[in-house]
Structure formats: structure tokens, C-alpha cells
Amino acid sequence: MMNDGRVHPAATSSDFSGEYAYSSSDPSSSPLYSFHFEKPVPPPPQHHNKPQPGTYVVQVPKDKVFRVPPPENARLFQHYTRRAKRRAGCSCLRACLYLAVAILSLAVLLAAAVGAVYLAFKPRQPAYSVVSLAVSGLAGVGNASAPGALSPGFAATVRADNSANGKVGVHYDGAGSRVAVSYEGVSLADGAWPAFYQAPSNITVFVAKAKGTGIRFSERERGQMAAAERLRSVPFDVDITVPVRLQLGGLKTWAVPVTVRCAMAVDRLAASAKVVSRSCDVKVPFLFWRN
């Protein structure tokens, strides 16, 4: 190296890498800068796979590419699913238990209320009977000259006795009621029970009418009815169904059907007929009514 004020490279390499050196004993020969050169590394070659003819290349963004989850994720999913099912089953069982307790409590309260009403009012079943039965349209039924189709009519005098109830009134609904008269299983007439209110400790006598049209009897039935009239005992069945509501102080109950069935016999087939025998059966679907 020459000491002429210029800097000369100490060595030269074919790859242009090197470093200027200087002598530590001669400060005047120290270079101002030190250089290091390296040959740039070329990027790796990229291989572009060209699609085969007749195929398509679909490019999907990276954020839309989903990988297959590991197997432990499936086990975790099954575990949490079973736990959720167990929790749902427990919740359903708990809800059913609460519902059963609520229904049982309501039943107990209802039973207590019914018991209180029974003790306060002591309801008794009214008594019903058919006092008389006037008959029309059947005169001369056994005669050969009698018409083939008959239109019988009946007027039943009914006695409703509510004297056993000192605190309970009875409402009779005419709508939905029925009064039917039959002979030996043959329906003769239909009618309705009149609507009225019967006060406590009351006895009411009223007339329920029934009418039939186009009734035809066989020769045997005509002969039987004529023979029964000669014996002064013509049997009839009177079936009565009427909706009833009880009046318990200021409270009116729901409607329940009262059914009365009377087997009776009259001495003649006329309006002046007299009842020679009767037997009535009353059915009331009220648990706390007593006979």
C-alpha cells in the first residue's frame, strides 16, 4: 500500500466481496469507511403447473379455506352435546314436577272450597214426580177405522220439590232440555222443560207438554194398547232431561244435567186420564248432593 493519500483496495475477489484493511500502527493509513459486498442470492425458481386442457382452476381466498378439525374436537362436541341433553332432560323433569305440584295444590284448594260450601249450604237433591199425564190423539187406537198415522199429545204435570234446601236455589234452563214419552220402546212425543227459577224451600208444580206426528203402530201394538185400556192400565215411559244450575248465596254454579225417568200407567187414553201407578228415578251428577 502506498502512502500517497489515496485508498487502495487490499484484495479483490471474483465475487466482489471483501473488506478494506488498515494498519493499526499507522493511523494515517486508516480508511474512513469499511465496505462488505455479497453476491445476492437468486430467488428459488417457481414452478407453475399449467392446468390440463378441459379443466378449471378455482382460486379460493385464504380466509375461506377451512381445514379438517382434529379428532379431539369431535370428542369435545359429543361431550358437550351429551351434557346439553342431560341438562335439557333435567329441566323437563323439573318443569313436570312443578306442574304436578301446582295441579295437586289446585286440587287440594278446590276440595277445600267444595267442603266449605257443603258445610255452609248443606245442599240436598230435590225430588221430582209426574202427578198426572193427559193423553190426546190416541182415542180409538184399537179400532179398525183409526187412521194409520197418529199425532199423539201429552201434558205431564210435574212436581218439583226443593223444600229440603233451605239455602240453595235451583235454576232450570229450558234450552237443552227434553221431555219424551214412549210406549213399549216406541217414541210417541217430544217436548221441552220450561225455564224457571225455584227458590229455596219451594215446591213448584208445572205442566210439560210433548207432541208427536206421523206415529204408526203395528197391528200387534194397536191390539196391546186397546187391551191395556180395557184393563185400565196403559203403560207409558216419561224421560226428562234438564240442565240445572244451583244458586249458592251470590254464587251460581255451572250447569249439570238432571235426568228423571218415570214408569207410569194411566187408566184411559184421554185428557181426563188418571195415573194408576208411577215410579220415578232421578239421577244428578253432583257429588255433594244427597237424597
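These figures come from a predicted structure and were not determined experimentally. (Residues numbered from 1 in each chain as written. Predicted model: local features only at pLDDT ≥ 70, side-chain atom pairs only at ≥ 80, totals over all residues. Heavy atoms only, no water.)

Caption draft 1: Just the overall build of the protein chain, in detail. Within the protein chain, the regular secondary structure consists of 2 helices and 13 strands. A total of 291 residues make up the protein chain; the buried ones form 26% of that total. As presented, the protein chain carries roughly 20100 Å² of accessible surface, and 60% of it is formed by carbon and sulfur atoms. (Helix = DSSP H or I, 4+ residues; strand = E, 2+ residues; numbered from the N terminus. Buried < 20%, exposed > 50% of the residue type's maximum accessible area, 1.4 Å probe, protein only. Areas by Shrake-Rupley, 256 points an atom, 1.4 Å probe, with all protein chains shown as cover.)

Caption draft 2: Spatial organisation of the pairing of strand β6 (residues 186–191). Inspection of the sheet shows strand β5 (residues 178–183) paired to β6 by 5 bridges, in the antiparallel sense. Across the sheet, the residue bridging to Val 179 is Gly 191, located in β6. Counted along the chain from β5 to the antiparallel partner β6, the turn is 2 residues long, and its residue Glu 184 has a positive phi close to 50°. Note: β6 against strand β8 (residues 203–211), 2 bridges, orientation antiparallel. Bridged to Gly 191 within β8 is Ala 210. (Pairing = 2+ DSSP bridges.)

Caption draft 3: Here's a closer look at the state of the cysteines. Evaluation of the coordinates by the stated rule reveals 1 disulfide. Note that Cys 262 is cross-linked by a disulfide to Cys 280, the S-S spacing being 2.0 Å. Judged by the torsion about the S-S bond (115°), the Cys 262/Cys 280 disulfide is right-handed. Separated by 18 residues along the polypeptide, Cys 262 in strand β12 (residues 256–266) and Cys 280 in strand β13 (residues 275–283) bring together distant segments of the chain. Given the relative accessible area of 29%, Cys 280 is considered partly exposed. (Disulfide = S-S within 2.5 Å.)

Caption draft 4: Summary view of the packing of aromatic side chains. One pass over the full model with this rule turns up 8 aromatic pairs. For the pair Tyr 172 and Trp 193, a centre-to-centre distance of 5.6 Å together with 35° between the ring planes defines the contact as tilted. Of this pair, Tyr 172 sits in strand β4 (residues 168–172) while Trp 193 is found in the loop between β6 and β7 (196–198), placing the two residues 21 residues apart along the sequence. Judged by relative accessible area, Tyr 172 falls into the buried class, the value being 2%. Residue classification places Trp 193 among the buried residues on the basis of a relative accessible area of 2%. (Phe/Tyr/Trp six-rings, centres within 6.5 Å; stacked < 30°, edge-to-face > 60°.)

Caption draft 5: Expanded view of the UniProt feature "transmembrane region" (unreviewed entry) in the protein chain. Mapped onto this numbering, the UniProt entry annotates "transmembrane region" (unreviewed entry) at residues 95–121. Each end of residues 95–121 is marked by a C-alpha atom, and these two atoms are 39 Å apart; helix forms 100% of the span and strand 0%. (UniProt positions renumbered as here; feature names shortened; annotations may be inferred.)

Caption draft 6: Focus on unusual backbone geometry. The phi angle at Glu 184 is positive, at roughly 50°, despite the residue not being glycine. When you line up the elements, Glu 184 lands in the loop between β5 and β6. We classify Glu 184 as exposed; its relative accessible area is 55%.

Caption draft 7: Highlighting a nonpolar patch on the surface. Residues Leu 97, Tyr 98 and Val 101 make up a contiguous nonpolar surface patch of roughly 330 Å² in combined accessible area. In this structure, Val 101 sits in helix α1 (residues 71–121). Note on Val 101: relative accessible area 48%, which makes it partly exposed. (Patch = residues over 30% accessible without salt bridge, like charges linked within 9 Å, V, L, I, M, F, W, Y side chains within 5 Å. Salt bridge = Lys/Arg side-chain N within 4 Å of Asp/Glu carboxyl O.)

Caption draft 8: How the structure looks around helix α2 (residues 219–230). Between its first and last C-alpha, α2 extends 17 Å over 12 residues, near the 16 Å set by a 1.5 Å rise per residue. Three or more residues of α2 are buried, namely Glu 221, Arg 222, Met 225, Ala 226 and Ala 228. Buried residues of α2, viewed axially, fall in a sector of 160°; they line one side. The exposed residues of α2 that point more than 90 degrees off its buried face are Glu 219, Arg 220 and Arg 230. Where α2 is buried, its residues touch β5, β6, β9 (215–216) and β10 (234–248). (Expected span 1.5 Å × (residues − 1). Arc of directions from axis to C-beta. Contact = heavy atoms within 4.5 Å.)

Caption draft 9: Main features of the nonpolar core. Core analysis: the biggest nonpolar cluster contains 45 residues, and Leu 138, Phe 154, Trp 193, Phe 217 and Phe 236 have the highest contact counts within it. No other element matches β10, which puts 8 residues into this core. Setting aside chain neighbours within four positions, we find Trp 193 in contact with Tyr 128, Val 158, Tyr 172, Gly 174, Ser 177, Val 179, Phe 206, Ile 240 and Val 242. (Core = buried A, V, L, I, M, F, W, Y, C linked by side-chain atoms within 4.5 Å.)

Caption draft 10: Representation of the confidence of the model for the protein chain in the model. Here the protein chain averages 79 in pLDDT, while 68% of its residues score no lower than 70. Here residues 11–35 is a poorly scored stretch, pLDDT under 50, and it has 21 contacts once near neighbours within four places are set aside; other chains count. (pLDDT = per-residue confidence, 0-100.)

Caption draft 11: Fine view of the pattern of salt bridges. A full pass over the atoms with the stated rule returns 6 salt bridges. One salt bridge in this structure joins Asp 190 and Arg 178, with 2.9 Å as the shortest N-O distance. Taken together, the residues Asp 190 in strand β6 and Arg 178 in strand β5 connect sequence positions 12 residues apart. The class for Asp 190 is partly exposed, based on a relative accessible area of 38%. Note that Arg 268 and Asp 267 form a salt bridge whose closest N and O atoms lie 3.5 Å from each other. The exposure class assigned to Arg 268 is partly exposed, which follows from its relative accessible area of 30%. On the basis of relative accessibility, which here comes to 10%, the residue Asp 267 falls in the buried class.

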